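Listed here are the chains, written in short residue letters.
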Amino acid sequence: MVTKRSIADAPVRGRRVLVRVDFNVPQTSTGAVADDRRIVEALPTLHHLQTAGARTVLISHLGRPGGQRDMRYSLRPVAHKLSALLGQPVPLAEDCVGIHALEATARLKNGEFLLLENVRFHPGEEANDPAFAAQLAQLGELFVEDAFGTVHRAHASTVGVAKRLPAFAGYLVEKEIRGLSRLIDHPERPYVAIMGGAKVRDKLPLLQSFLGRAQALCIGGALAFPFLAAQGAHLGATAVETGLETEVQAFFDAARASGTDVHLPTDWLIEVPGEPDAQACPADQVPEGALARDIGPRTRDRFYAALAGSKTVFWNGPLGLAEDKRFAAGTREVLAGLRGIEGFHVCAGGDSARVAQDLGVEAAFQYISTGGGAALEFVQGLELPGLAVIPDV
Ligand code: ADP
Ligand code: 3PG
Ligand code: MG
């Protein structure tokens, strides 16, 4: 496991400390914070800075405003939520760079906080523009990386600033490294991965990386569609991600030689237009016009059987359209089964933690990551730019 220079050893008292957090949280239709998990998980770092007498300047993005000032992506609702959680006001600087931000940071007293407005309102952020990174770096004397969910991005606020200031890892980043490293440094075997969700192109490298590393790999949800389609399955009106034929074939070829048992769905729960209830059908025989929406009961049993005796489990991505009650059973039943198995179970993914919570099966996990893409890359064993830039100890 890699160990990074820790915030615990940073001389923060009376200093302006620039902290990159990932407050990219889901919002309600009125803009309020719908899930405060990422804010709550940053509190150990923030409490430490508060009691140690730092002058804390928080940087985050929210959504993908594309380098434009677009107030739908304002961090104001986050400032409200954070103030409530910290029990002290956290003012929002209307721009993350410029004279007003500089003045506001200069006014900070020991133990106080300032949140900067969405750093992605500037194109220089995602471009990791050196001039923009230098402007951000002016706002602090030290840098703390605690935005685990964003360390896979080489942006100005994750990499550019870290190169310009003495950089330390925050407590959330340390916790994520500890939790997720257990999956790559000699995981206790058998190791089983359960993958679902929708973004096949994004997840293919991770699926590949499990071949030879995991004893079993169960693929459900919309993630399974291109694999079944490649085997000639009829999927009715189901939308299948296209253009992946070569990659899928390469995956099957690698799987055969890998020693990893790959389990694809053998049955579905389908949605038939005009019919209110879900119906079951074999995985390769979805009728014309119908949609594959959840893994069926036989597949649940098969996935559950693959988990028997496992010591380490990684789960990412719902096994069906879990937001719809009719199609949540696959995910719920498999995860409820996991709850009864002893071992180290990790949940990662933007939607996965929320789905586990909504389905009441969070207790199946010993570790729930705040990372989406970042966690998936970490678990593949890739080097993440926002971590690479923090000195090792
Ligand atoms: P995560 O963010 O946890 O990695 P993804 O973003 O890849 O997960 O996928 C989550 C989405 O996939 C959810 O909205 C879920 O409803 C959808 N999904 C999974 N299986 C199906 C399916 N069979 N049909 C339609 N949507 C599905
Ligand atoms: C996430 O939610 O995965 C992170 O906040 C990164 O957001 P991004 O995918 O827009 O870079
Ligand atoms: Mg998602």
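Numbers given to residues run from 1 along each chain, matching the order in which its sequence is written. Each chain gets a letter, beginning with A, and each ligand a number, beginning with 1, in the order they are written. Reporting in this predicted model follows two pLDDT cut-offs: at least 70 for local features of residues, and 80 or more for side-chain atom pairs to be given and counted; totals over whole chains, interfaces and linings ignore these cut-offs and use all residues. Hydrogens and water are ignored here; the side-chain numbers use all heavy atoms of the structure.

**Considering the site of ligand 1**
Distances are taken per atom, and a residue is near a molecule or strand as soon as one of its heavy atoms is within 4 Å of it. Contacts to ligand 1 come from 19 residues, most closely from Lys 203, Asn 316, Glu 323, Asp 351 and Ser 352. Lys 203 places a polar side-chain atom, nitrogen or oxygen, 2.8 Å from an oxygen atom of ligand 1. Here a polar contact is recorded for every N or O atom pair within 3.5 Å, except that within protein the pair must consist of a potential hydrogen donor and a potential acceptor, and residues adjacent in sequence are included only if both atoms are side-chain atoms. Contact between ligand 1 and Gly 320: a nitrogen atom at 3.4 Å from a main-chain N or O atom of the residue. Only the protein chains shown count as cover for residues, with accessible areas throughout obtained via the Shrake-Rupley method and a probe of 1.4 Å. Protein coverage of the free-state accessible area of ligand 1, which is 580 Å², stands at 88%. Under the convention adopted here, Pro, Cys and the residues Ala, Val, Leu, Ile, Met, Phe, Trp and Tyr are nonpolar, Asp, Glu, Lys and Arg are charged, and Gly plus all remaining residues are polar. Split by residue class, the shell around ligand 1 holds seven nonpolar, seven polar and five charged.

**Describing the pairing of strand S8 (residues 216-219)**
The side chains of a regular strand alternate, first on one face of the sheet and then on the other. Here S8 shows a buried face lined by Ala 216 and Cys 218 and a second buried face lined by Leu 217 and Ile 219. At least two DSSP bridges between two strands are needed for those strands to be called paired. Working definition: helices are DSSP H or I runs of at least four residues, strands are E runs of at least two. Numbering for both runs from the N terminus. Bridging between S8 and strand S10 (residues 261-263) involves three bridges; their strand directions are parallel. Among the inter-strand pairings, Leu 217 is bridged to a residue of S10, identified as Val 262. The rule is simple: take the accessible area with a 1.4 Å probe, protein chains only, and divide by the maximum for that residue type; under 20% is buried, over 50% is exposed, in between is partly exposed.

**Re helix H3 (residues 99-107)**
Every buried residue of H3 is accounted for by Ala 101, Ala 104 and Thr 105. Seen along its axis, H3 keeps its buried residues to an arc of 100°; they face one direction. In H3, the exposed residues that point more than 90 degrees away from the buried face are Ile 99, His 100, Ala 106 and Arg 107. Of the surrounding elements, those touching the buried residues of H3 are strand S1 (16-20), strand S2 (55-59) and strand S4 (113-116). In this context, the arc is that of the directions from the helix axis out to the C-beta atoms. It only takes one pair of heavy atoms within 4.5 Å for two residues to be counted as in contact.

**A word on the site of ligand 2**
In the region of ligand 2, the neighbouring residues are Asp 22, Asn 24, Arg 38, His 61, Arg 64, Arg 120, Gly 149, Thr 150 and Arg 153. Between ligand 2 and Asn 24, the relevant distance is 2.9 Å, taken from an oxygen atom to a side-chain nitrogen or oxygen of the residue. Between Arg 38 and ligand 2, the recorded distance is 3.0 Å, taken from a side-chain N or O atom to an oxygen atom. Of the residues that constitute the shell around ligand 2, the class distribution is no nonpolar, four polar and five charged.

**A word on the environment of Arg 201**
Here Arg 201 shows up in helix H8 (residues 200-210). Classification of Arg 201 by relative accessible area gives partly exposed; the value is 46%. Residues Arg 201 and Leu 244 lie 43 residues apart in sequence; the distance between their C-alpha atoms is 7.4 Å. Contacts of Arg 201, omitting those with residues within four sequence positions, involve Glu 241, Thr 242, Gly 243 and Leu 244.

**Things to note about the sheet that holds strand S16 (residues 344-347)**
With parallel pairing, six strands are arranged side by side in an open sheet as S10-S8-S7-S15-S16-S17. In the strand order of this sheet, the two ends are held by S10 and strand S17 (367-368), each with one partner. Relative to S8, strand S7 (residues 191-195) is paired through four bridges, and the arrangement is parallel. Within S8, the position partnered with Ile 194 by the bridge is Cys 218.

**Describing the side chain of Arg 20**
Take Arg 20: it is sitting in strand S1. In terms of polar contacts, Arg 20 uses its side chain to reach the side chain of His 61, at 3.1 Å. Among the polar contacts listed, one links the side chain of Arg 20 to the side chain of Ser 157, at a separation of 2.7 Å.

**A few points about the sheet that holds strand S12 (residues 279-282)**
Here we have three strands laid out as an open sheet, ordered S12-S11-S14, and antiparallel in their pairing. Whereas interior strands pair on both sides, the edge strands pair on one side only; in this sheet they are S12 and strand S14 (291-295). Geometrically, the sheet is characterised by an average inter-axis angle of 50° between neighbouring strands, direction not taken into account. Of the strand pairs in this sheet, strand S11 (residues 267-271) and S12 are connected by four bridges, and their pairing is antiparallel. From the neighbouring strand, Trp 268 faces S12, where its bridge partner is Cys 281. Angles shown run from 0 to 180 degrees and are taken between the N-to-C directions of axes, each axis being a line fitted to C-alpha atoms and, for helices, limited to the stretch in contact.

Limitation: the analysis is restricted to geometry and does not speak to function.
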